[in-house]
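Given next are the chains, with one letter for each unit.
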Amino acid sequence: MKTLIAVDEKGFYGNFGGAYIPEMLHPNIEELRDNYERIVAEPDFQAQFKSLLKDYVGRPTPLFYAQRLSEKYGAKIYLKREDLCHTGAHKVNNTIGQIILAKKLGKKRIIAETGAGQHGVATATVCALMGMDCTVYMGKHDMERQRPNVERMRILGAKVVPATSGSQTLKDATNEAMRQWINNPVDTHYIIGSVVGPHPYPEMVARFQSVISEEIKAQLLEKEGRENPDLVIACVGGGSNAAGAFYHYYNTPEVRLIAVEAAGLGVFSGKSAATTALGKPGILHGSKTLLMQTEDGQVTEPYSISAGLDYPGIGPVHAHLFETGRGEFVGVEDEDAMLAGIEVSRLEGIIPAIETAHAFAALNQVKYKSDDVIVINLSGRGDKDLDTYIKWGNY
Ligand SMILES: Cc1ncc(COP(=O)(O)O)c(C=O)c1O
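Only a predicted model underlies this, so the values are computations on that prediction, with no experimental measurement involved. Throughout, a residue's number is its position along its own chain's written sequence, starting from 1. Side-chain atom pairs in this predicted model are given and counted only at pLDDT of 80 or more, local residue features only at pLDDT of at least 70, and totals for whole chains, interfaces and linings cover all residues. No hydrogens and no water enter the side-chain calculation; it runs on all heavy atoms of the structure.

This next bit is on the packing of helix α2 (residues 43–57) against helix α5 (residues 118–130). Their axes nearest at 14 Å, the elements α2 and α5 cross at an angle of 110°. Classed by the angle they form, the pair α2 and α5 counts as roughly perpendicular. Regarding α2 and α5, the two cross each other, and that crossing is right-handed. Each of Q48, L52 and Y56 in α2 lies in contact with α5, whose residues at this interface are T125, L129 and M130. By the convention adopted, Pro, Cys, Tyr, Trp, Phe, Met, Ile, Leu, Val and Ala count as nonpolar, Lys, Arg, Asp and Glu as charged, and the other residues, Gly among them, as polar. Considering only residue class, the contact of α2 with α5 consists of 4 nonpolar, 2 polar and no charged. Every angle, taken between N-to-C directions, lies between 0 and 180 degrees, and every axis is a line fitted to C-alpha atoms, over only the stretch in contact when it is a helix. Counting from the N terminus, the helices are DSSP H or I runs at least four residues long and the strands are E runs at least two residues long. Each angle receives one of four descriptions, namely roughly parallel if under 35 degrees, roughly antiparallel if over 145, roughly perpendicular if within 65 to 115, and oblique otherwise. Each crossing gets its hand from how the near helix is turned against the far one by less than a right angle, where anticlockwise is left-handed and clockwise is right-handed. By the convention used here, residues are in contact when the closest approach between their heavy atoms is within 4.5 Å.

Another aspect to go through is a nonpolar patch on the surface. Residues L386, I390 and Y395 make up a contiguous nonpolar surface patch of about 320 Å² in total accessible area. By the element assignment, Y395 lies in the segment after α16 (386–392). In this scheme, patches are assembled from residues that exceed 30% relative accessible area and form no salt bridge. Like charges are connected within 9 Å, while nonpolar side chains (Val, Leu, Ile, Met, Phe, Trp, Tyr) are connected within 5 Å. Residue burial considers only the protein chains on display, and all accessible areas are found by Shrake-Rupley using a 1.4 Å probe. Salt bridges are counted wherever a side-chain nitrogen of Lys or Arg sits within 4 Å of a carboxyl oxygen of Asp or Glu.

Below, the discussion takes up unusual backbone geometry. The amide bond that connects R59 to the next residue, P60, takes the cis arrangement and shows omega of 0°. Following the sequence through the fold, P60 ends up in the loop between α2 and β3 (63–65). For the peptide bond that leads from H199 to P200, omega is 15°, which places it in the cis range. Structurally, P200 is set in the loop between β8 (188–190) and α9 (201–209). Phi at Q168 is positive, roughly 55°, even though this residue is not glycine.

Time to look at the pattern of salt bridges. A side chain with one charge may pair with a side chain of the opposite charge, provided their charged atoms come close. The tally for this structure, following the rule as stated, stands at 26 salt bridges. The salt bridge partner of D133 is R109, with a shortest N-O separation of 3.7 Å. Within this pair, whereas D133 is found in strand β6 (residues 133–139), its partner R109 is found in strand β5 (residues 109–114), the two being separated by 24 residues in sequence. Given the relative accessible area of 43%, D133 is considered partly exposed. The class for R109 is buried, based on a relative accessible area of 19%. The closest approach of N and O atoms between R154 and E151, which form a salt bridge, is 3.2 Å. In this pair, R154 and E151 both sit in helix α7 (residues 147–155), 3 residues apart, roughly one turn of the helix. Per-residue accessibility, obtained with a 1.4 Å probe over protein chains only, is compared with the maximum for each type, and a residue is labelled buried under 20%, exposed over 50%, and partly exposed between these values.

Think of an α-helix as 3.6 residues a turn; residues three or four steps apart then line up on the same face. Any helix carries an expected span of 1.5 Å times its number of residues minus one. A rise of 1.5 Å per residue sets the reference length of α2, with its 15 residues, at 21 Å; its end C-alpha atoms lie 20 Å apart and thus fit the reference within 8%. When we look at burial in α2, the residues that qualify are F45, F49, L52, L53 and V57. For α2, the angular spread of the buried residues around the axis is 100°, confining them to a single face. Opposite the buried face of α2, by more than 90 degrees, sit the exposed residues P43, K50, K54 and D55. Where α2 is buried, its residues touch α1 (26–41), α4 (91–104), α5, α9 and α10 (211–224). At the exit of α2 stands G58, carrying a positive phi of roughly 95°. Directions are taken from the helix axis to each C-beta atom, and the arc is the one they span.

Moving on to α5. Taking 1.5 Å per residue as the helical rise, α5 with its 13 residues ought to reach 18 Å, and the 18 Å between its terminal C-alpha atoms agrees with that figure. Taken across its 13 residues, α5 has 11 buried, putting it largely inside the fold. Regarding α5, the residues found buried are Q118, H119, G120, V121, A122, T123, A124, T125, V126, C127 and M130. As for α5, its buried residues are in contact with α2, α4, β5, β6 and α7. Where α5 ends, the next residue or the one after it, G131, has phi of about 65°, a positive value.

The environment of the ligand is made up of 17 residues, and the closest members are S194, G237, G239, S240 and S379. Under the rule applied, a polar contact is a pair of N or O atoms within 3.5 Å (in protein, one hydrogen donor and one hydrogen acceptor; residues adjacent in sequence only if both atoms are side-chain atoms). A distance of 2.6 Å separates an oxygen atom of the ligand from a polar atom in the side chain of S194. Here an oxygen atom of the ligand and a backbone polar atom of G239 are 2.7 Å apart. For the ligand, the accessible surface in isolation is 390 Å², of which the surrounding protein chains cover 97%. A class-by-class count of the residues in the shell around the ligand yields 4 nonpolar, 11 polar and 2 charged. Any residue with a heavy atom positioned within 4 Å of a molecule or strand is treated as near that molecule or strand.

By size, the foremost hydrophobic cluster in this structure holds 88 residues, and its most contacted members are I96, I99, F246 and Y250. Residue assignment places this core across two domains, with domain 1 (20–53 + 91–205) and domain 2 (58–88 + 210–392) each supplying three or more. The residues contacting I96, other than those within four sequence positions of it, are F49, L52, L53, Y56, V57 and V126. What is meant by a nonpolar core is a set of buried Ala, Val, Leu, Ile, Met, Phe, Trp, Tyr and Cys residues, joined one to another through side-chain atoms within 4.5 Å. Judged by nonpolar contacts, the second largest core, of 30 residues, contains L69, L309, V330 and F360. Domains are outlined according to an automatic or database domain assignment.

Rendered as structure tokens:
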């Protein structure tokens, strides 16, 4: 079979990817690149990874037939319940993989960035589990709007350091984590939380998240007698839950891949994070990708009501999916996401994370047939977002 989506040995998906890093980080990235494929392929790694995903994370997560949502939208809608993972979101699939890798590389300290705090909590969790020192960088603005997650990280023993530059959100936290890694290159592993960063991070994170679509295939076969849905829908911040949900379908063109970005107050309002609609090729956090930027190449401050989607770029694999037309990209505004979050709560008894609510809102924007099977990746639960739901108030 012709492979449509694959990464080359330099970390490029078509025109996007690579490793654009300062000299100081070369040894770290080289060490990771030279060892990760080998370590991940080892039976011992695989055994530990699978055992922790099963007994600690609680995998496989259910594929739930959402009857009332299906009736409302006139299609067969299944929810992949990543909200039921330990810690409440898909992020932990990746942190389990990376912490085992870090141990095998002999690292002593872990650093991470976080936006919504879910990746920070997932990192603090695996560091507690493995007895590793943990520091998480988080935008000051995000620390305020995702306060429960800040306290969870602290209870778990992590140090949370505010990033105070720019819009004080995910981009700024990532800048800070990268700076810290440059200062502590030898004993520290940087657990990046999405399919972003220099090669091999985007492919590594996608592989750890690919368990999502591996399970969807088996579960759909059992429930529908076929492995392939007609559509898979997932929200995209950096793009890790989408990459995991799409992974085993990249090269199955009959499965439509719907990637949902945050359009904030409107794509062209100046307050948005709709990268594919607004972005141009550029370098962000070590890889070439689509990036919201000014005429002279300065990164534009993004905006979204959801901290996890409030990022001016997307992972290189998604830039490639966009450029080749393999992925369909949709922008969802704050208000529509919030309404969708309430609708799912009322119809299915599940309060989704506001990131995930964007994926649900896309049901109003994409066309599908009445007998289509749609899988929505329910990337996380809404507990962390209660403050935002309450402030919005329209329920
Ligand atoms: C529940 C949830 N979904 C989605 C995202 C977006 O990240 P990604 O695009 O890497 O899946 C986040 C980020 O924090 C999140 O917490």
